[in-house]
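Fold and geometry: a report
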Amino acid sequence: MPSPILFISDLHLSPEDPATTAAFHAFLQGPARAASTLYILGDLFEFWIGDDSLDEAFNAEIVTEIAQLADQGVKIFFLAGNRDFLPGARFAAAAKLSILPDPSLIHIHGQPLLIAHGDALCTDDLAYQRFRRIVRHPLVQALFLALPRRWRQGQVEKLRQRSKASNQMKRSEIMDVNGLAVEQLMAQHHVQTLIHGHTHRPALHTLACGQRWVLPDWYQGQGGYLSVQEQNISMHLLDGSALEL
Ligand code: LP5
Ligand code: MN
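Not measured: the values here are computed from a predicted model.

What counts and how
- Residues numbered from 1 in each chain as written.
- Chains lettered and ligands numbered in written order.
- Predicted model: local features only at pLDDT ≥ 70, side-chain atom pairs only at ≥ 80, totals over all residues.
- Heavy atoms only, no water.
- Donors = N, O, S within 2.8 Å, 3.2 Å for Na, K, Ca; no water.
- Helix = DSSP H or I, 4+ residues; strand = E, 2+ residues; numbered from the N terminus.
- Buried < 20%, exposed > 50% of the residue type's maximum accessible area, 1.4 Å probe, protein only.
- Pairing = 2+ DSSP bridges.
- Axes fitted to C-alpha atoms, helices over the stretch in contact; angles between N-to-C directions.
- Contact = heavy atoms within 4.5 Å.
- Near = heavy atom within 4 Å.
- Polar contact = N/O pair within 3.5 Å; in protein donor to acceptor, adjacent residues only side chain to side chain.
- Areas by Shrake-Rupley, 256 points an atom, 1.4 Å probe, with all protein chains shown as cover.
- Nonpolar A, V, L, I, M, F, W, Y, C, P; charged D, E, K, R; others polar.
- Arc of directions from axis to C-beta.

Here the focus is the coordination of the manganese ion (ligand 2). Coordination sphere of the manganese ion (ligand 2), protein contribution only: Asp-43 (OD), Asn-82 (OD1), His-117 (NE2) and His-198 (ND1), at 2.1 to 2.3 Å. We note that the donor set of the manganese ion (ligand 2) lies within a single chain, spaced as D-x38-N-x34-H-x80-H. With a gap of 35 residues between them, Asn-82 in the loop between strand S3 (75-79) and helix H3 (89-95) and His-117 in the loop between strand S6 (111-116) and helix H4 (126-135) connect regions that are remote in the sequence. In this structure, Asn-82 and His-117 share a single accessibility class: buried.

Next up, the structure:
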């Protein structure tokens, strides 16, 4: 049987959640070692404010562990999330991974499959989409990256506060993907399978046009991953419990 291909997202790794950092470490030493390929679909870090984030010991350690997995022969791909959309060549080289655009069409055993972080599909969240357009603008990013790291850190902390406050005001449906946006994206790429994260609502949705897998987020040592082996796709939670699908 060929080695599985694994998908993870939304780990939000930070020194503030050591249990999740330990769970990621165990994942890299365990299931990921047995895989042929690992896809990280964004929000690996709580935030990434530029590749000089590698100068922080916590980030450097995570990146070294990922590189060690690559040294074992596992191919690693990273697609940016809304928290870590500023990874550059230095990050990719240090982690020994390849950065993919969001969304990306991949093929597994000849089957086309679309992967995305998922935030771009939350089209009902107009305030977020406006915010996204601003921070994804190359000029805004170039300006931001040119400023001192400490200042960037301060700004992101303020943004996090604003984001938390505004999320409390939003209806839950608004922060989920929009069904039409999903269908259009899948049709545009001629796929019947979409895998994404971001919404923290792990599930398998059966659609008229195919299936949509939503990856689990990781929090206080809990989390999980999706595994594709031959024609089978399955969701695995770290505590061994089964997800109601
Ligand atoms: O992150 P999460 O899951 O809590 O909420 C997201 C959306 N929020 C965000 C913002 C991030 O949390 C902030 C940290 C990002 C780090 C980026 C680092 C680099 C900054 C670089 C600049 C070039 O993504 C949240 C969604 C939610 O997902 C569900 O989908 O609702 O969206 C928001 O909260 C956005 C608010 O609705 C609007 C915020 C207004 C802020 C306006 C400032 C604009 C100018 C910024 C210029 C730097
Ligand atoms: Mn996200």
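This paragraph deals with the sheet that holds strand S7 (residues 193-196). The strand order across the open sheet formed by 5 strands is S5-S6-S7-S9-S8, and the pairing between neighbours is mixed. Strands at the two margins of the open sheet, each flanked by one partner only, are strand S5 (104-108) and strand S8 (203-207). Looking at each pair of strands side by side, their axes are set apart by 25 degrees on average, direction ignored. The sheet contact formed by S7 and strand S9 (residues 210-214) spans 4 bridges and is parallel.

One can find Ala-94 in helix H3. With a relative accessible area of 32%, Ala-94 lands in the partly exposed category. Sequence separation of Ala-94 and Phe-144 is 50 residues, and the distance between their C-alpha atoms is 22 Å. Setting aside chain neighbours within four positions, we find Ala-94 in contact with Leu-54, Val-63 and Ala-67.

On to the site of ligand 1. Around ligand 1, 21 residues are found, and the nearest of them are Arg-83, Asp-125, Arg-160, Lys-170 and His-198. Within the contact set of ligand 1, an oxygen atom lies 3.2 Å away from a side-chain nitrogen or oxygen of Asn-167. Between ligand 1 and the protein, one listed contact pairs an oxygen atom with a side-chain N or O atom of His-198 at 2.8 Å. Summarising the interface, the protein chains cover 86% of the accessible area of ligand 1, which totals 1,100 Å² for the free molecule. Taken together, the elements giving at least two residues each to the shell around ligand 1 come down to H4, helix H5 (138-146) and helix H6 (149-169). Residue contributions to the shell around ligand 1 peak at 6 residues, all from H6. Across the shell around ligand 1, the residue classes tally to 11 nonpolar, 5 polar and 5 charged.

The next point concerns helix H7 (residues 179-188). Buried within H7 are the following residues: Ala-181, Val-182, Leu-185 and Met-186. Viewed end-on, H7 has its buried residues packed into an arc of 125 degrees, placing them on one side of the element. Facing away from the buried side of H7 by over 90 degrees, the exposed positions are Leu-180, Gln-184 and Gln-188. You can read the cap of H7 off the contacts: a side-chain oxygen lies 2.8 Å from the backbone nitrogen of Leu-180, and it is on Asn-178. Just past H7, the residue His-190 takes up positive phi, approximately 55 degrees.

A separate point is the pairing of strand S10 (residues 224-229). Summarising burial for S10: 5 of the 6 residues are buried, a large majority. Pairing geometry for S10 and strand S11 (residues 232-237), over 6 bridges, is antiparallel. Paired with Gln-229 across the strands is Asn-232, a residue of S11. From the end of S10 to the start of S11, which pair antiparallel, there are 2 residues, and Glu-230 there has a positive phi angle of about 50 degrees.

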